Structures are given as C-alpha cells and as structure tokens.
Amino acid sequence: MRNRQAAVIFILVTVTLDILAMGLIIPVLPKLILDFLGGKMTDAADWNGWFALVFALMQFVFSPVLGVLSDRFGRRPVILLSNLGLGLDYVVMALAPTIGWLFLGRIISGITTSSIPTAMAYIADVTPKEKRAGAFGMIGIAFGLGFAFGPAVGGLLSNSNPRLAFWVAAALSLTNWLWGFFFVPESLPQDRRKHFALRRANPVGSLVLLRSHPELWRLTVIQFLAYLSHNVLTTIWPLYAIYRFNWSQVMIGISLMVVGICTAAISGGLTGRMVKRFGEKITLCVGQFCGATGMCIAGLARNGATFLASVPVISMWNVSFPAAQSMMSHRVTEREQGELQGALQSLRSITFIIGPVLFSQVFSWFIDPKHGLHVPGAPYYLAAALLFSAMLMATRIKQPSFAAKPTTEQEIAPETVSSGPVAPLLEPEENI
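Everything numeric here is computed off the predicted structure, so don't read it as measured data.

Reading guide: rules and limits
- Residues numbered from 1 in each chain as written.
- Predicted model: local features only at pLDDT ≥ 70, side-chain atom pairs only at ≥ 80, totals over all residues.
- Heavy atoms only, no water.
- Axes fitted to C-alpha atoms, helices over the stretch in contact; angles between N-to-C directions.
- Helix = DSSP H or I, 4+ residues; strand = E, 2+ residues; numbered from the N terminus.
- Parallel < 35°, antiparallel > 145°, perpendicular 65-115°, else oblique.
- Contact = heavy atoms within 4.5 Å.
- Nonpolar A, V, L, I, M, F, W, Y, C, P; charged D, E, K, R; others polar.
- Buried < 20%, exposed > 50% of the residue type's maximum accessible area, 1.4 Å probe, protein only.
- Arc of directions from axis to C-beta.
- Salt bridge = Lys/Arg side-chain N within 4 Å of Asp/Glu carboxyl O.
- Patch = residues over 30% accessible without salt bridge, like charges linked within 9 Å, V, L, I, M, F, W, Y side chains within 5 Å.
- Areas by Shrake-Rupley, 256 points an atom, 1.4 Å probe, with all protein chains shown as cover.
- Core = buried A, V, L, I, M, F, W, Y, C linked by side-chain atoms within 4.5 Å.
- 1 Å grid on protein atoms, 1.4 Å probe; cavity = no way out; pocket = protein on both sides within 12 Å on 5 of 7 lines; lining within 4 Å.
- Points joined across faces, edges and corners; volume = space filled by probe spheres on them.
- Phe/Tyr/Trp six-rings, centres within 6.5 Å; stacked < 30°, edge-to-face > 60°.
- Lys NZ or Arg CZ within 6 Å of the ring centre and 35° of its normal.

**Digging into the packing of helix α18 (residues 337-367) against helix α19 (residues 378-394)**
Consideration 1: Interhelical geometry of α18 versus α19 gives an angle of 135° and a closest axis separation of 8 Å. Our classification of the angle between α18 and α19 gives oblique. Residues Leu358, Phe359, Val362, Phe363 and Phe366 of α18 form the contact with α19, whose participating residues are Ala378, Pro379, Leu382, Ala383 and Leu386.
Consideration 2: A per-class count over the contact of α18 with α19 returns ten nonpolar, no polar and no charged.

If you want it as structure tokens, here you go:
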C-alpha cells in the first residue's frame with residue numbers, strides 16, 4: 001500500500017513538474033526569441049509560430065513511440081529517460097547561443113514531454129478499473145497547478161534574467177528524475193508486456209487501436225471534439241479579453257491562474273466522487289454539458305465580471321476528460337495501455353495543430369468590419385457546438401460494469417516483478 005501510494009505520488013509530481021516547467025518558459029520564450037532577432041516583432045511572431053508547430057509535431061510523432069516502448073520495456077525506464085532528457089534539454093535552452101540551438105531545444109522538449117501518456121498508463125497499471133476515473137482526475141490537479149503557477153513564476157524570474165526560468169525548469173526535472181530513479185518501482189510485469197511493432201509506434205498506425213472497438217472509436221471522436229474545443233481557451237482567451245474588455249496583461253494572467261486553480265480543484269475534488277455516485281457515462285455527459293454552457297456564457301459576456309464568472313462553469317468540463325479516458329482504458333488490454341495513451345496524445349497533438357488556426361480564423365472573420373457580421377464570441381459558440389455534439393454522442397456509450405468476475409486478459413491480477421534498485425511491483429488497492 002505504501003509503495004503504491006509513493007509511486008502514484010511520484011507520477012502526479014512528475015506531471016506537475018513537467019507542466020510547471022513548460023509553464024515557466026511560456027512568458028520567457030517569446031522574449032528570448034525577440035532578443036535573438038534584434039527586436040524584430042514580425043520575424044519573432046513567425047518564429048514563435050514555428051516553435052509552437054514543431055512542439056506539437058514532435059508530440060504527435062513521439063507520443064505513440066514512447067507509449068509502445070513502455071508496453072515493451074515497462075513504464076519506469078521511459079518516464080525516467082524522459083525526465084532526464086527534459087532536464088538536460090532545459091540546460092541546452094538556457095545556454096543556447098543562437099536561435100537555432102533554441103529551436104533544437106524546443107524539438108527535444110516536444111519529444112521528452114511525450115512521456116505524459118506513459119505516466120497515464122502507469123496510473124492505469126496500479127489502479128483498479130473502478131478507481132481509474134478518479135485517478136485520472138488527480139492528473140488534472142497536476143495540469144491545473146502547473147498551468148496556474150508556471151507562467152506566473154516564469155514571468156517573475158524573467159524580470160532579472162530571461163534564461164533563469166530555464167535553469168529552474170531544469171532543476172525541477174532533474175530532481176524529479178533522481179527521486180524516481182531511487183524510489184519508484186516498475187508497474188508493468190513481464191507477463192503483461194507486448195512486443196514492439198513499428199506499425200503501432202508510428203502516429204498513423206497507433207490510431208488503428210482506437211478503431212479496434214466500436215465504442216472505443218466513438219469515445220475517440222468525443223475526445224477529439226473535446227481536445228479541439230479546448231484550444232479556444234489557449235488561443236483566443238487573451239485576445240478576446242483584450243478586444244472585448246480591454247484587460248491588461250496582469251488581469252489576463254490572474255484570469256488564467258483562476259482557470260488553473262478551478263481545474264485542479266474540480267479535477268481532484270469532484271471527478272472521483274461523481275464517478276462513484278453517477279458512473280463514468282453520466283459524469284462524461286455532465287462535464288461536456290457544463291463546458292458547452294460555460295463557453296456560451298463566455299461568448300455572451302458583455303463585461304469582464306461575467307466573462308470571469310464563466311470560468312467555474314467551464315472548469316466543470318474537466319470531470320469529463322478522466323471519465324472518458326477511464327472508459328477507454330477498459331476497452332483495451334493491460335498490454336495496450338501505453339499504446340492507448342500514446343495514441344490519445346497523438347490525437348490531441350493533431351488538435352494543437354488544427355485548433356489555433358481554426359479558432360483564430362473564426363475570431364478574425366467575425367470581428368472584421370468588412371464582413372458586416374460582428375460576433376466576437378463566435379469562437380466560443382463554435383466550441384460550445386462541438387461540446388454539445390460530443391455530449392450527444394456520449395449518450396450512446398454503454399456504462400462499463402465492474403461487477404462481473406474477471407475473465408479476460410486485462411483483468412488478471414499482476415504478478416511481482418522488479419526493475420533495478422527499486423521496490424517490488426505494486427498491487428492495486430481499493431483506494432486511490
């Protein structure tokens with residue numbers, strides 16, 4: 001029990017530090033790019049777009065690779081190698097003498113942060129099926145805290161030295177690697193490992209798994225619509241707040257911190273309770289309904305207070321993500337958990353490429369006077385429509401039952417296996 005709790009805590013801290021480290025450099029990277037280019041804003045804007053694109057592409061390509069590797073060699077070595085690589089990468093970016101080196105560092109960080117799906121697979125390994133939604137909800141705490149405080153701390157650090165944030169990010173990642181190396185056990189026993197296959201490791205081939213079961217494919221489409229909708233928050237939120245309410249950078253930063261705090265509180269505080277009381281299917285539908293409603297409130301807001309009031313409603317949407325992921329994890333074998341999470345991350349990376357362009361173009365078109373149709377809230381209405389569509393699809397999903405006696409491969413209890421100087425394999429417990 002103690003070993004299992006320590007390992008789950010490690011995974012949560014791993015994700016928190018990864019997101020925190022990424023958040024630290026969000027306000028710093030554009031300024032560093034601008035400095036390398038001699039203050040030319042137009043060139044910096046182009047380069048900033050390329051930095052975002054290459055990061056998403058690396059996640060798209062390497063998430064399934066790391067997921068399949070974790071199914072073959074175990075979760076622990078993949079997570080540790082990624083933590084070490086990410087820490088060293090931030091050192092490279094801190095020392096980068098040219099923008100080319102900085103760009104190379106961004107490529108490497110896109111690869112190394114692709115280990116987050118492996119962390120999700122680790123959670124699936126050590127958590128009973130009926131507890132997975134709550135466990136995945138705990139991951140939401142990590143994301144919320146990382147995005148709530150990372151940019152704020154990074155902005156403060158950059159006041160004295162724009163490269164200091166990279167050194168702090170490196171220290172966080174390397175400290176996490178040391179902790180995991182000495183104290184965290186492997187979660188995937190030898191008899192549940194699966195041979196490596198290149199067709200499953202490439203991003204296109206990995207999506208085949210998502211079509212292996214009719215309900216799994218339906219859940220995939222639901223998640224795709226949700227991931228796509230989420231881009232409106234990261235892409236349009238600051239521009240919309242400036243355009244509609246004339247918010248300052250400080251106010252935008254505070255609002256994003258509120259988003260992160262609400263995300264953490266709801267993901268960790270409500271997901272498990274809602275799933276236990278209502279089941280994953282209803283939790284999924286309720287979360288999407290709240291998300292769509294919150295998007296409508298944001299689009300209709302006529303003042304900053306109403307816009308900010310949409311945050312708690314939108315944040316309720318976060319209960320749907322772990323519920324959907326849990327339902328998906330029930331529809332593949334334990335040998336395919338890493339492959340599943342890698343495929344989902346690739347799917348999300350596709351939306352990172354499509355979403356910013358889609359919502360930016362919609363926003364631009366509906367505020368352009370020459371079109372004669374002034375609807376600045378259009379991106380939020382589009383996101384609401386996507387989420388309502390996903391909710392309707394979710395009503396056709398069958399709620400999984402855990403009452404039946406285990407009969408399939410994925411329901412066989414794990415056996416003990418060791419991996420280097422660590423504790424024995426964890427056994428799933430009743431409480432997460």
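**Quick word on helix α14 (residues 271-278)**
Consideration 1: Within the span of α14, buried status applies to Thr271, Met274 and Val275. Along the long axis of α14, the arc covered by the buried residues comes to 100°, so they all point the same way. The outward face of α14, more than 90 degrees from its buried face, is lined by the exposed residues Arg273, Lys276 and Arg277.
Consideration 2: A positive backbone phi angle near 95° is found at Gly279, which sits one or two residues after α14.

**Describing the pattern of salt bridges**
Consideration 1: The full count for this structure, using the stated rule, is three salt bridges.
Consideration 2: For Asp71, the salt bridge identified is with Arg75, shortest N-O distance 2.7 Å. Across the pair, Arg75 and Asp71 agree in class, each one buried.
Consideration 3: Measuring nitrogen to oxygen at the nearest pair gives 2.6 Å for the salt bridge that ties Arg331 to Glu215. In this pair, Arg331 is assigned in the loop between α17 (320-329) and α18 and Glu215 in helix α11 (residues 214-235), connecting sequence segments 116 residues apart. In this structure, Arg331 and Glu215 share a single accessibility class: buried.

**Topic: a nonpolar patch on the surface**
Consideration 1: On the surface, a nonpolar cluster with roughly 290 Å² of combined accessible area is contributed by Leu145, Phe149, Val153 and Ile261.
Consideration 2: In terms of residue count, the dominant contributor to the nonpolar patch is helix α7 (residues 132-158) (three residues).
Consideration 3: Within the element layout of this structure, Leu145 appears in helix α7.

**Quick word on the nonpolar core**
Consideration 1: In this structure, Val232, Met295, Phe307, Trp317, Leu340 and Tyr380 are the most contacted members of the largest nonpolar core, which totals 49 residues.
Consideration 2: Listed by contribution, the elements that provide at least two residues to this core are α11, α12 (237-245), α13 (249-269), α15 (280-300), α16 (304-315), α17, α18 and α19.
Consideration 3: Residue contributions to this core peak at nine residues, all from α11.
Consideration 4: Every residue in contact with Leu340, bar those within four places of it in the chain, is listed here: Leu209, Leu210, Leu216, Met328, Ser329 and Val332.
Consideration 5: Residues Phe10, Val28, Ile116 and Ile139 belong to the second largest nonpolar core, which totals 45 residues.

**Observations concerning empty space enclosed by the protein**
Consideration 1: Applying the stated rule across the entire model yields one cavity of 30 Å³ or more.
Consideration 2: Approximately 30 Å³ is the volume found for the largest cavity.
Consideration 3: Phe10, Ile11, Arg76, Ile79, Leu80, Tyr122, Gly180 and Val184 together form the lining of the largest cavity.
Consideration 4: Elements supplying a minimum of two residues to the lining of the largest cavity: α1 (2-25) and α4 (75-95).
Consideration 5: Sort the elements by how many residues they give to the lining of the largest cavity and α4 lands first, with three residues.
Consideration 6: Tallied by class, the residues present in the lining of the largest cavity amount to six nonpolar, one polar and one charged.

**Thoughts on the packing of aromatic side chains**
Consideration 1: In this structure the tally under the stated criterion is 19 aromatic pairs.
Consideration 2: Put simply, the rings of Trp237, Tyr240, Tyr243, Phe245, Trp247, Phe307, Phe363 and Tyr380 pair up and form one aromatic cluster.
Consideration 3: Directly above the ring of Phe73 sits Arg72, whose terminal nitrogen or CZ lies 5.0 Å from the centroid.

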